[in-house]
Number of protein chains: 2
Amino acid sequence: MLIDALQCGEFDRNVLETLKRGGYTCVTPTLGFWEGTLESMDALGLWRDMERENADLIRIVRKADDILACQADGKVGILLGYQNTNLLEDRIRYVELFADMGVRVLQLTYNNQNELGGSCYEDEDSGLTRFGREVVVEMARCGIVVDCSHVGDKTTLHAIEHSPKPIAVTHANAASIFPHKRNRSDAVLKALAQTGGVIGCAAYRNITPAEACASVRGFAEMVARTVEIAGVDHVGIGTDFSYNSNDKFREWMRKGRWTRSVQYGAGSAAAPGAVSKPDWLPAADRLADLADGLADVGFSAEEVGKIMGGNWLRLYRSVFG
Amino acid sequence: MLIDALQCGEFDRNVLETLKRGGYTCVTPTLGFWEGTLESMDALGLWRDMERENADLIRIVRKADDILACQADGKVGILLGYQNTNLLEDRIRYVELFADMGVRVLQLTYNNQNELGGSCYEDEDSGLTRFGREVVVEMARCGIVVDCSHVGDKTTLHAIEHSPKPIAVTHANAASIFPHKRNRSDAVLKALAQTGGVIGCAAYRNITPAEACASVRGFAEMVARTVEIAGVDHVGIGTDFSYNSNDKFREWMRKGRWTRSVQYGAGSAAAPGAVSKPDWLPAADRLADLADGLADVGFSAEEVGKIMGGNWLRLYRSVFG
């Protein structure tokens, strides 16, 4: 079982073959960052076509058992998610409709504050708004995972408090290990764990310690430190690995349509452009190597299984059955 | 079994109680006439709320067996449909997504020509366009009934020809019985029947003979004449009965946002406003009386069952299983 709770960029058959070769059981690609309802439905439609055209490689999964089916027949499960809630266009009723269309993960905010709450990059984190509280409850009812990876700590804590089901931070690290706005406080990680949630350790150089990018063992050691904070039942993988990225894609991620200024996202003026992949993860098909790394730093086979995918599967089962 | 393949207007609990009292097994309400994707999803969301708030009375049906469940437990089945395809906003991929959200009937055009084909009110009927041909095939694949009630005869014949599954004219009469642009030619009715389709006889005064509005027997006689054209396996009921209609609703139906001129729809300068309900159908809960009327004009019990709902059920089963 190998589950990566977040990847992004432009997926094509080459990417799907890489995932298959890499032994992935399930991956959540990013279907959108800033898009409204129609463009988000366009992305859903594109993935439906992608599934039909690559039926030998992938299966869009809607239930936890669909992931077990992938484990059984070797197809890569695709769990559909977005890194924003703009697709709701302020409608509580659309949560249910997007769930019907197969969406299983929604990040409450991307890099900007929105109608639901505050982002990790805003000067002030508003906390979860009244609409945000309703959406979190509705997402639990409809079986969509609440993701708080780019969300502010305060808003994340509110989401944990208000959600009737466990929530996720699919792709971030512990800020106490690597201080960065994109990473989450120990208080968030502990609250997340207490309610059955899961954090996915990221392998994106801008938010990940140099040692964790340098070797599998370094990454496994970071995971071990995260486990010390959140517990072994609450840590998984969410690499934030991106495919076919380029300047145009990065500009869309960072600037959407909201600004004419320069924006660095998780980068900085010192590191404004593309960053290299971790040395141990030059291509996505190497992620499975992490299992040995985790064993090397002392995790039991059962613990390795939880971190490599078991914890995500448990969360998915509790959210969408 | 009592199935009405088209009603419209504003549905509320009073209406649902009328349907329940009237013994309806399944009704298709009209969720939209001119609306694009977002407004059409709003209407879907409203019906989801309506179902939750009136769970004692109705069930949104997605499969033919759901209609049998309604017959068994006495709930009124609601089959979701629109009288236009504007909700696709030119996307072939949205057919599948709206099917996922529970839509089971789409009329190819309302009163105006659109991207798919020609309406019964245009001077020239374009026939089915290239996009229209693709949509008809995709609707069959995704399990949505093609409805050609307001569609031009030529476009309807093309839809019959191109659809891999039987199609419907849910609410219109035979033009040879009552000449009106909204009614369909004998050629259409025969082609419809040859491919397993069904026409729903309308009880809307503007398109229905006076005798068929005056008494149940008169309506049953019109049905009998329609059966002479299309055959007893291809005629059902589609009253076009409207609830809580008013000037504003009529104006929206007739004018949408496309014109500043006066539009009469199926009415005329001589009869521009509201028309009265048929004398025998002052309220929707009287529709079941038609069964006796059909028996009176000579239909067997089996034939009455087909006309009152069995033919629609067969069509639904062949389109969406």
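Everything here concerns the structure above.
Residues numbered from 1 in each chain as written. Chains lettered and ligands numbered in written order. Predicted model: local features only at pLDDT ≥ 70, side-chain atom pairs only at ≥ 80, totals over all residues. Heavy atoms only, no water.

Asker: Looking at this structure, how should I read the overall build of chain A?
Answerer: Looking only at helices and strands, one finds 12 helices and 11 strands in chain A. Relative to the globule expectation of 20 Å for 321 residues, the C-alpha radius of gyration of chain A, 18 Å, shows essentially globular dimensions. Principal axes of the C-alpha set define a box for chain A whose edges measure 45 × 40 × 40 Å. Across the 321 residues of chain A, 60% fall into the buried class. Sequence separation of 24 or more characterises 72% of the internal contacts of chain A that already satisfy a separation of 6 or more. Of the roughly 11,800 Å² of accessible surface on chain A, 49% is carried by carbon and sulfur atoms. Across chain A, the mean location of the 35 positive side-chain charges is 2 Å away from that of the 43 negative side-chain charges. (Helix = DSSP H or I, 4+ residues; strand = E, 2+ residues; numbered from the N terminus. Rg over C-alpha atoms; globule rule 2.2 N^0.38 Å. Buried < 20%, exposed > 50% of the residue type's maximum accessible area, 1.4 Å probe, protein only. Contact = heavy atoms within 4.5 Å. Areas by Shrake-Rupley, 256 points an atom, 1.4 Å probe, with all protein chains shown as cover. Lys, Arg positive; Asp, Glu negative; His and termini not counted. Charge placed at Lys NZ, Arg CZ, Asp CG, Glu CD.)

Asker: Looking at this structure, how should I read the interface of chain B and chain A?
Answerer: Interface size is commonly expressed as the accessible area that is lost once the parts come together. Every contact between the two is made by 22 residues of chain B and, on the other side, 22 residues of chain A. For the chain B and chain A pair, buried surface summed over both sides reaches about 2,000 Å², with 51% attributable to carbon and sulfur atoms. Our count for the contact surface shared by chain B and chain A stands at 12 salt bridges. A salt bridge links Asp100(A) to Arg62(B), with the nearest nitrogen and oxygen atoms 2.6 Å apart. Of all elements in the fold, only α2 (37-53) and α4 (93-100) of chain B reach the threshold of two or more residues within the side of chain B that touches chain A. (Buried area = accessible area lost by both parts, 1.4 Å probe. Salt bridge = Lys/Arg side-chain N within 4 Å of Asp/Glu carboxyl O.)

Asker: What is the right way to look at unusual backbone geometry in this model?
Answerer: Where the residue is not glycine, phi is negative for most of them; where a peptide bond is considered, it is trans in most cases. Residues and elements named next belong to chain B. Phi at Glu89 is positive, roughly 40°, even though this residue is not glycine. Note that Glu89 resides in the loop between β5 (80-82) and α4. We note that Asn244 has phi near 50°; this positive angle belongs to a residue other than glycine. Looking at where Asn244 falls in the secondary structure, it is placed in the loop between β11 (241-243) and α10 (247-255).

Asker: I keep staring at the packing of aromatic side chains and nothing clicks. Help me out?
Answerer: Centre distance and the angle of the planes are the two values used to describe a pair of aromatic rings. All names here are of chain A. This structure, assessed with the given rule, holds 20 aromatic pairs over all chains. Ring geometry for Phe33 against Tyr110: centres 5.1 Å apart, planes inclined by 55°, an arrangement best described as tilted. With Phe33 in the loop between β2 (26-29) and α2 (37-53) and Tyr110 in the loop between β6 (105-107) and α5 (130-142), this residue pair connects regions lying 77 residues apart in the sequence. Neither Phe33 nor Tyr110 differs from the other in exposure class; each is buried. Here Phe33 and Phe249 contribute two aromatic rings whose centre-to-centre distance is 5.9 Å and whose plane-to-plane angle is 70°, an arrangement assigned as edge-to-face. Within this pair, whereas Phe33 is found in the loop between β2 and α2, its partner Phe249 is found in helix α10 (residues 247-255), the two being separated by 216 residues in sequence. Each member of the pair Phe33 and Phe249 is classed as buried. By the ring-pair criterion, three or more aromatic residues cluster together here, those being Phe33, Trp34, Tyr110, Phe249 and Trp258. (Phe/Tyr/Trp six-rings, centres within 6.5 Å; stacked < 30°, edge-to-face > 60°.)

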